[in-house]
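Chain by chain, the residues run as shown.
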Amino acid sequence: MSPNEPEYGFPATLWRAVERRRPPLPRFRSSVRGPRFTAWLGLVLLVGMPVVIVTGLLSYVAYGSAPIPGDVGFLRPPAFDWPTSPAWLYRVNQGTHVLLGLVLVPVVLAKLWSVVPKLVAWPPARSLTDALERGTVLLLVGSLLFEIVTGVLNIQYDYVFGFSFYAAHYVGAWVFIGAFVAHVVLKLPHMVAGLRRREDPPDHDLVADDPLPPTISRRGALTLVGGGAALVGLLSVGQVLDGPLRGTAVLLPRGRTTAAGDGGPNDFPVNRTFVSTGIAAAATGAAWRLDVGGIRLDRAALLAMDLHTADLPISCVEGWSTQQTWTGVRLRDLAALAGVPEPTSAVVRSLETGPFAQAELHEGQVLHPDSLLALRVNGADLSPDHGFPARLIVPAIPGVRCTKWVRSVEFRSV
Ligand SMILES: Nc1nc2c(c(=O)[nH]1)N[C@H]1C(S)=C(S)[C@@H](COP(=O)(O)O)O[C@H]1N2
Ligand SMILES: [Mo]
């Protein structure tokens with residue numbers, strides 16, 4: 001029996017019958033492949049992936065309750081009140097999730113390439129344990145590609161999904177987490193052995209039997225992958241930076257485009273423009289009133305209240321963020337005005353209908369001294385695109401909760 005002969009388990013006859021029906025599979029002859037190359041890529045993913053996973057899960061926790069991310073049944077993340085401090089918490093969390101997720105894409109692709117002879121090996125399984133192991137690899141690769149594709153589409157395009165991105169990316173993440181844990185448990189010894197080796201054993205599954213002459217060294221190939229990852233990072237990081245460097249985020253056009261392009265106080269990224277919402281312009285004009293517990297206030301009345309100014313970020317789930325200086329009325333002052341001096345939650349509603357129509361805030365978010373119904377930004381009135389006449393701004397909250405074109409705030413005390 002040659003060293004490459006499969007060791008058959010039960011039921012041996014079945015596996016043998018399968019093996020005889022071997023399709024014409026390509027031969028993989030790169031001299032770069034081998035357990036050491038795979039192990040180094042595996043190590044990078046073993047360190048990086050948990051960070052992407054944890055920041056991703058935390059993002060769902062930060063979202064809190066309805067209406068987004070939609071019902072995910074028993075997979076619902078544990079409900080705890082997302083902190084309001086530090087104000088940059090969600091900015092860093094989501095910036096890390098998206099940036100690291102993108103940076104790891106070249107590493108994932110290289111790792112897939114490095115093990116492709118095993119992915120297409122024949123017979124598909126040599127034993128039941130082997131079949132189970134390959135099943136987890138299939139789930140791992142499938143769910144990871146699904147997460148990459150949905151994530152990238154979400155940050156590139158304007159709401160292209162016929163389904164809820166949030167629910168799909170979240171359920172896909174749990175499939176990935178399960179398969180990832182199983183894969184790490186099964187493969188960790190191989191990775192450790194691969195890292196320890198100074199030479200690849202010639203009879204290893206990943207080493208080509210008849211390698212072609214090398215066109216690049218293994219170290220060179222690793223450097224190429226690392227360089228690719230660094231380039232993706234450099235071309236993406238701009239979306240979390242304010243100022244001229246934002247323009248360097250060429251891979252992420254949505255986080256790069258600013259509202260006005262005039263360098264003025266309202267010239268920072270816009271998620272959805274006023275025009276695209278379909279809200280009638282008249283609804284935000286002189287006739288606009290804010291409804292707080294039945295009391296109706298016009299903009300002049302709000303501007304006559306105690307105004308407070310805070311530097312706070314808008315941090316989109318898509319990873320882009322921007323810090324601006326907002327001026328407006330404290331939510332807790334509005335609560336007092338509405339006759340709810342000790343609110344435990346609030347619902348902020350927009351003139352808009354649809355998924356962005358409202359945001360729910362927990363007690364800490366309502367009471368924080370920097371939680372504002374903003375009327376002005378950087379010393380100027382809010383522009384229509386940034387939510388004129390009034391928008392919500394709360395420390396450390398996901399951008400999607402910073403409801404624009406607010407029409408009412410309902411404070412609750414139960
Ligand atoms: N009414 C309404 N509010 C909204 C949105 C929206 O589309 N409609 N987009 C949200 C999202 S996803 C983000 S990231 C921020 C972006 O705010 P900006 O466009 O002022 O930068 O607004 C949030 N508030
Ligand atoms: Mo967003």
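The shown structure was predicted, so the numbers you read here are calculated from the model rather than taken from an experiment. (Residues numbered from 1 in each chain as written. Chains lettered and ligands numbered in written order. Predicted model: local features only at pLDDT ≥ 70, side-chain atom pairs only at ≥ 80, totals over all residues. Heavy atoms only, no water.)

Asker: If you had to explain the nonpolar core to someone new, which residues and values would you point to?
Answerer: Buried together is how nonpolar side chains tend to be arranged in soluble globular proteins. With 53 residues, the main nonpolar core has L290, L302, W326, L331, L334 and F411 as its most contacted residues. Of the residues forming this core, the biggest block, five residues, is contributed by strand β7 (residues 372-377). Here this core gathers at least three residues from each of two domains, domain 1 (12-239) and domain 2 (274-412). For F411, the residues in contact, after removing those within four places along its chain, are V292, L331, L334, A335, A338, V340, P343, S345, A346 and V366. (Core = buried A, V, L, I, M, F, W, Y, C linked by side-chain atoms within 4.5 Å. Buried < 20%, exposed > 50% of the residue type's maximum accessible area, 1.4 Å probe, protein only. Helix = DSSP H or I, 4+ residues; strand = E, 2+ residues; numbered from the N terminus. Domains from an automatic or database assignment. Contact = heavy atoms within 4.5 Å.)

Asker: Describe in detail the domain arrangement of the protein chain, supporting the description with residues and values.
Answerer: Interfaces are often sized by the accessible area lost when the parts come together. What the domain assignment reports for the protein chain is domain 1 (12-239) and domain 2 (274-412). On a C-alpha basis, the centres of domain 1 and domain 2 stand 40 Å from each other. Contact with domain 1, which involves 27 residues of that partner, is made by 26 residues of domain 2. Between domain 1 and domain 2 lies a buried interface of about 2200 Å² when both sides are counted; carbon and sulfur atoms form 55% of it. It is T84, R91 and Q239 that lose the most area in domain 1 upon contact with domain 2, and together they represent 29% of the buried surface on that side. On inspection of domain 1 and its partner domain 2, the count reaches zero salt bridges. (Buried area = accessible area lost by both parts, 1.4 Å probe. Salt bridge = Lys/Arg side-chain N within 4 Å of Asp/Glu carboxyl O.)

Asker: Give me the lowdown on the site of ligand 1, citing residues and values where you can.
Answerer: Among the 18 residues in the neighbourhood of ligand 1, the closest are listed as R272, E352, H386, R391 and K404. Between ligand 1 and N271 there is a distance of 2.7 Å, counted from a nitrogen atom to a side-chain nitrogen or oxygen. Contacts to ligand 1 include C402, whose backbone N or O atom sits 3.0 Å from a nitrogen atom. For ligand 1, whose unbound accessible area comes to 540 Å², protein coverage reaches 100%. Here the residues of the shell around ligand 1 sort into nine nonpolar, five polar and four charged. (Near = heavy atom within 4 Å. Polar contact = N/O pair within 3.5 Å; in protein donor to acceptor, adjacent residues only side chain to side chain. Areas by Shrake-Rupley, 256 points an atom, 1.4 Å probe, with all protein chains shown as cover. Nonpolar A, V, L, I, M, F, W, Y, C, P; charged D, E, K, R; others polar.)

Asker: Can you break down the environment of L252 residue by residue, with the values?
Answerer: Counting through the fold element by element, L252 comes out in the loop between α7 (218-234) and α8 (253-256). Overall, L252 belongs to the buried group, its relative accessible area being 1%. For the pair L252 and Y157, spaced 95 residues apart in the sequence, the C-alpha separation amounts to 9.6 Å. In contact with L252, not counting residues within four places along its chain, are L102, I155, Q156, S236 and Q239.

Asker: Mind laying out helix α5 (residues 128-156), listing which residues take part and the relevant values?
Answerer: For an α-helix, 3.6 residues make a turn, and residues three or four places apart therefore share a direction. Between the first and last C-alpha of α5 there are 42 Å, a value that for 29 residues agrees with the 42 Å anticipated at 1.5 Å per step. Among the residues making up α5, those that are buried are D130, T136, V137, L140, S143, L144, E147, I148, T150, G151, N154 and I155. (Expected span 1.5 Å × (residues − 1).)

Asker: Give a description of the UniProt feature "transmembrane region" (unreviewed entry) in the protein chain that names residues and reports values.
Answerer: When the UniProt feature table is mapped onto this chain, "transmembrane region" (unreviewed entry) is found at residues 37-63, 98-116, 137-157 and 163-188. Here residues 98-116 runs as 95% helix and 0% strand, with 27 Å between its end C-alpha atoms. For residues 163-188, the end-to-end C-alpha separation is 36 Å, with 92% helix and 0% strand making up the annotated structure. (UniProt positions renumbered as here; feature names shortened; annotations may be inferred.)

Asker: Describe a nonpolar patch on the surface, naming the residues involved and giving the relevant values.
Answerer: A grouping of L139, V171 and V175 is seen on the molecular surface, where their side chains present a nonpolar patch of about 220 Å² in accessible area. Looking at the element boundaries, L139 is found in helix α5. (Patch = residues over 30% accessible without salt bridge, like charges linked within 9 Å, V, L, I, M, F, W, Y side chains within 5 Å.)

Asker: Pulling in residues and values, what's your account of the UniProt feature "domain: Oxidoreductase molybdopterin-binding" (unreviewed entry) in the protein chain?
Answerer: Under the feature "domain: Oxidoreductase molybdopterin-binding" (unreviewed entry), the UniProt entry names residues 286-412. Helix makes up 13% of residues 286-412 and strand 43%, and the two end C-alpha atoms of the span are 28 Å apart.

Asker: Pulling in residues and values, what's your account of the environment of S236?
Answerer: You can see S236 is positioned in the loop between α7 and α8. As a C-alpha pair, S236 and P253 span 17 residues in sequence and 9.4 Å in three-dimensional space. With residues up to four places along the chain from it excluded, the contact list for S236 reads L99, L102, A249, L251 and L252.

Asker: Could you give me a rundown of the pattern of salt bridges, with the residues and numbers involved?
Answerer: This model, assessed by the stated rule, comprises 13 salt bridges. Across the pair R36 and D200 runs a salt bridge whose closest N-O atoms are separated by 3.3 Å. You can see R36 sitting in helix α2 (residues 35-63) and its partner D200 sitting in the loop between α6 (165-196) and α7, a full 164 residues away along the chain. Taking the shortest distance from any N to any O, the salt bridge between R246 and D242 comes out at 3.0 Å. The class for R246 is buried, based on a relative accessible area of 4%. Put simply, R27, R29 and D210 are held in one network by salt bridges that share partners.

Asker: If you had to explain the environment of R33 to someone new, which residues and values would you point to?
Answerer: Mapped onto the fold, R33 is located in the loop between α1 (12-20) and α2. Take R33: its relative accessible area is 4%, and that puts it in the buried class. Through-space distance from the C-alpha of R33 to that of V116 is 9.4 Å; in sequence the pair is 83 residues apart. Apart from residues lying up to four places away in sequence, R33 is in contact with F28, W113, S114, V116, P117, D200, L206, V207 and R218. Only 2.8 Å separates the side chain of R33 from the backbone oxygen of W113, close enough to count as a polar contact.

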